[in-house]
Amino acid sequence: MSTTEKTKWAIDPAHSEIAFKVKHLMITNVKGVFKDFSARVTTSGDDYLTSDIEFTLHPSSVDTGATDRDKHLRSADFFDVDKYDRISFSGKKTEKSNQENYILQGDLTIKDVTKPVKLNVEFAGVMKDPWGNEKAGYTLTGKINRKDWGLNWNAALEAGGVLVSDEVVINCDVQLVKQS
């Protein structure tokens, strides 16, 4: 009986982006990124369907390009970074949709509230960089309702509607590097 060797991967933060967008005033999208994040991925050999995924980001690293908005997002109205210093995702199951696409199911924890989520994953391939490092590329997308995690702050608009949509679109470009 042979056992498949475990392969460890780490996220390459210099070549990855963890981004989101939400509707503002119900007419435009506001985009943001998190700049401080890490991930540990373990697979059986190179079989991504067997992935054990642990991802963490620090909400204090949110950057929307507007200092006042970033301060508001860090406040108790949203991420409450003084009380909750991390957001985490734990991958539970990966299913293949077709040759390049997968569905990743896992648990997302924000402000100590854990809820299941599904993310669409597009596999871009594996490549060696000029220094011999093996890297794998992925794009992950999905949608969540921020209120499911207690991110409830909003303001009603005079003309109807709300200032910030409940729906948050997740869009992440991730490059993993195989660990030796």
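Everything numeric here is computed off the predicted structure, so don't read it as measured data. (Residues numbered from 1 in each chain as written. Predicted model: local features only at pLDDT ≥ 70, side-chain atom pairs only at ≥ 80, totals over all residues. Heavy atoms only, no water.)

### Details of the side chain of Ser61
1) Next: Tracing the backbone shows Ser61 in the loop between β5 (47-57) and β6 (62-63).
2) Next: Polar side-chain contacts of Ser61 include one of 2.7 Å to the backbone oxygen of His58.
3) Next: Ser61 has contacts with Val33, Phe34, Lys35, Asp36 and Arg74, leaving out every residue within four places of it along the chain. (Helix = DSSP H or I, 4+ residues; strand = E, 2+ residues; numbered from the N terminus. Polar contact = N/O pair within 3.5 Å; in protein donor to acceptor, adjacent residues only side chain to side chain. Contact = heavy atoms within 4.5 Å.)

### Some thoughts on the environment of Glu54
1) Next: Following the sequence through the fold, Glu54 ends up in strand β5.
2) Next: Along the backbone, Glu54 and Lys92 are 38 residues apart, and their C-alpha atoms lie at a distance of 9.6 Å.
3) Next: When neighbours within four sequence positions are excluded, Glu54 is seen to be in contact with Ser38, Ala39, Arg40, Phe89 and Ser90.
4) Next: In terms of polar contacts, Glu54 uses its side chain to reach the side chain of Ser90, at 2.9 Å.

### Structural notes on the nonpolar core
1) Next: Formed by 40 residues in total, the largest nonpolar core has its most connected members in Ile18, Phe55, Phe79, Phe89, Leu108, Tyr138 and Leu140.
2) Next: Apart from the residues within four sequence positions on either side, Leu108 is in contact with Ile87, Ser88, Phe89, Val113, Thr114, Lys115, Val117, Ile144 and Trp149. (Core = buried A, V, L, I, M, F, W, Y, C linked by side-chain atoms within 4.5 Å. Buried < 20%, exposed > 50% of the residue type's maximum accessible area, 1.4 Å probe, protein only.)

That is the geometry; function is a separate question.
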